[in-house]
Amino acid sequence: MNSVLLIYTGGTIGMKTNPATGTLAPFNFDQIEAEVPELKKFGIKVDTITFSPLIDSSNITPAEWVRMALAIKENYDKYDGFVVLHGTDTMSYSASALSFMLQNLDKPVILTGSQIPIGVPRTDGKENLITSVEIAAAKRNDEKAIVPEVCIYFENHLFRGNRTSKYSADHFNAFRSYNYPPLAEAGIDIKYNIPYIRAVDPFRPHFDVVTEMSENIAVLRLYPGISKASVDSILGNPDIEGVILETYGSGNAPMFDWFLDSVREAVERGVIILNITQCSVGTVNMGIYDTGRALGAIGVVGGGDMTFETAVTKMMYLLGKSLDKEEVKKQLSIPLRGEMTHGQM
Ligand code: ASP
């Protein structure tokens, strides 16, 4: 019998209304099993680990990513796949972080949750949970996993986790993968998009996890009228080792001398600056406009079509490895886990 480990971290899927405050708060997983008896009828062995305390995903920190990664590591050989029940608010960050932290993965790790708690009649949580378990257990004819990746399953779509963003606070269809097609769509059957699923390297070393994530990073989002003081408060911070620079369009930024001087000074001090676009669709290409080329000439790294969530977690992961700075820049600019379509442009 195929087996799946369910790691319940919290989120709306398992929440109930607190009668005292009227707001949603997490409750015990036993009741989710009672709400989804279908899980027992599957012919799939499902065991559960529950985080204590359960968390609203707005409270997620790298420490929880480490707990998730270690829970998977400790149980890796015992299960065919893993489902992580997680709040939707930061699910894309966790999926991106795990995609880097889990090394040489050859089993599915499916994050899911819901917009309406599982005990409420119109919940989207049941379908999300049941189909995630089915995908986590699914194997090819040669007994290898069909989807050996960190994914998000939500509202009939399976996405590569590090390509996703939460785009809607209202819709059941809460996630988008703007720059990469879904890995599967669930209708009457689950249709896998095989050419887009990452192949496992047959010569990879054994699965392991990286647990050091640097928090010495900052984000600088450009907008017309941004002041030198705002820019310098981030680029001039001596504790910051890496900055995600959110630029316009295909990676463009103002060409004012004071701005380019601040960026140059930071790069010369050893700060690693990663350029990603504020657009959801498309890629950074610092070779199209003068306003992009100026950043490339200074030594800013192009982040291609990486999502914001992936840029943040990839920076944390690479800085956490205490690599040589040039190596960090190199690895930022190339795909490590299918998180970007092309290398730096
Ligand atoms: N605030 C909740 C969380 O992210 C929202 C959800 O689960 O949908 O934990």
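Higher on the page you've got the structure.
Just so you know, these numbers come straight off a predicted model, no measurement behind them. Per-chain numbering applies: the sequence of each chain, read as written, is numbered from 1 onward. Restriction of local features to residues with pLDDT of at least 70 applies here, the model being predicted, together with a cutoff of 80 or more for giving and counting side-chain atom pairs; totals for whole chains, interfaces and linings are based on all residues. Derived side-chain values reflect all non-hydrogen atoms in the structure, with water molecules and hydrogen atoms excluded from consideration.

Residue-level account of the overall build of the protein, with values.
Each helix is a run of DSSP H or I of at least 4 residues and each strand a run of E of at least 2, with the numbering of both proceeding from the N terminus. For the protein, the count of helices and strands is nine helices and 18 strands. In this treatment the radius of gyration is a C-alpha quantity, and the globule benchmark scales as 2.2 Å times the residue count to the 0.38 power. Against the compact-globule benchmark of 20 Å for 345 residues, the protein has a radius of gyration of 21 Å, which places it among compact chains. For the protein, the spread of C-alpha atoms along the three principal axes comes to 65 × 55 × 35 Å. Among the 345 residues that make up the protein, the fraction classed as buried is 54%. Whether two residues are in contact is decided by their heavy atoms, any of which lying within 4.5 Å being enough. For the protein, restricting intrachain contacts to residue pairs at least 6 apart in sequence, the fraction spanning at least 24 positions comes to 73%. Note that accessible areas follow from Shrake-Rupley with a 1.4 Å probe, and for residues the cover is restricted to the protein chains shown. When the accessible surface of the protein is summed, it comes to about 15000 Å², and 51% of that surface belongs to carbon and sulfur atoms. Two residue types count as positive, namely Lys and Arg, and two as negative, namely Asp and Glu; His and chain ends fall outside the count. For charged residues, the charge sits on one atom: NZ in Lys, CZ in Arg, CG in Asp, CD in Glu. For the protein, the distance from the average site of its 31 positive side-chain charges to the average site of its 41 negative ones is 3 Å. Note on classification: 1.4 Å probe, protein chains only; a residue is buried when its accessible area is under 20% of the maximum for its type, exposed when over 50%, partly exposed between these limits.

An account of the packing of aromatic side chains is requested, with residue identities and associated values reported.
Whether two aromatic rings pair depends on their centres lying within 6.5 Å, for rings of Phe, Tyr and Trp, where Trp uses its six-membered ring; planes under 30 degrees apart make the pair stacked, over 60 edge-to-face, and the rest tilted. The full count for this structure, using the stated rule, is nine aromatic pairs. Seen from their ring centres, Tyr180 and Tyr196 are 5.6 Å apart, and the 85 degrees between their planes marks the pair as edge-to-face. Taken as a pair, Tyr180 in the loop between strand 11 (175-176) and strand 12 (184-186) and Tyr196 in the loop between strand 13 (190-192) and strand 14 (208-209) lie far apart in primary sequence, 16 residues in all. Since its relative accessible area comes to 17%, Tyr180 is described here as buried. Seen in terms of ring centroids, Trp258 and Phe259 are 6.0 Å apart; in terms of plane orientation they differ by 90 degrees. Their pairing is edge-to-face.

I'd like a rundown of the site of the ligand, residues and numbers included.
Residue proximity to a molecule or strand is established when one non-hydrogen atom of the residue lies within 4 Å of it. Gly11, Thr12, Asp56, Ser57, Gly87, Thr88, Asp89, Ser114 and Gln115 make up every residue found near the ligand. Here an oxygen atom of the ligand sits 2.8 Å away from a polar atom, N or O, in the main chain of Thr12. Protein contacts shield 89% of the accessible area of the ligand, which totals 270 Å² for the unbound molecule. For the shell around the ligand, the per-class residue count stands at no nonpolar, seven polar and two charged. In protein, a polar contact means a hydrogen-donor-capable atom and an acceptor-capable atom, both N or O and within 3.5 Å, with residues adjacent in sequence counting only if both atoms are side-chain atoms; elsewhere, any N or O pair within 3.5 Å suffices. When residues are sorted by character, Ala, Val, Leu, Ile, Met, Phe, Trp, Tyr, Cys and Pro go into the nonpolar class, Asp, Glu, Lys and Arg into the charged class, and all the rest, Gly among them, into the polar class.

Got a sec to walk through the sheet that holds strand 9 (residues 157-160)? Specific residues and values, please.
The pairing criterion is simple: DSSP has to find at least two bridges between the two strands. Strand order in the open sheet formed by eight strands is 4-1-5-7-8-9-12-13, and the pairing between neighbours is mixed. Every interior strand has two partners, whereas the edge strands, strand 4 (45-50) and strand 13, have only one. Going from strand to strand, the sheet's axes swing by 20 degrees on average, the running direction of each strand aside. Pairing analysis gives three bridges linking strand 7 (residues 109-112) to strand 8 (residues 150-154), with the strands arranged parallel. If you follow Val109 over to strand 8, its bridge partner there is Val150. To obtain each axis, a line is fitted to C-alpha atoms, and for helices this fit is confined to the stretch in contact; angles are then taken between N-to-C directions over 0 to 180 degrees. Running at roughly 155 degrees to strand 1 (residues 3-8), helix 2 (residues 62-75) makes contact with strand 1, strand 4, strand 5 (81-85) and strand 7 of the sheet. Sitting on the sheet, helix 3 (residues 91-101) is in contact with strand 7 and strand 8, with an inclination near 155 degrees to strand 8.

Lay out the environment of Gly303 in plain terms, naming residues and giving numbers.
Inspection of the secondary structure puts Gly303 in the loop between strand 18 (301-302) and helix 8 (308-320). On the basis of relative accessible area, Gly303 is assigned to the buried category, the value being 0%. Distance from Gly303 to Val46, taken between C-alpha atoms, is 39 Å for residues 257 residues apart in sequence.

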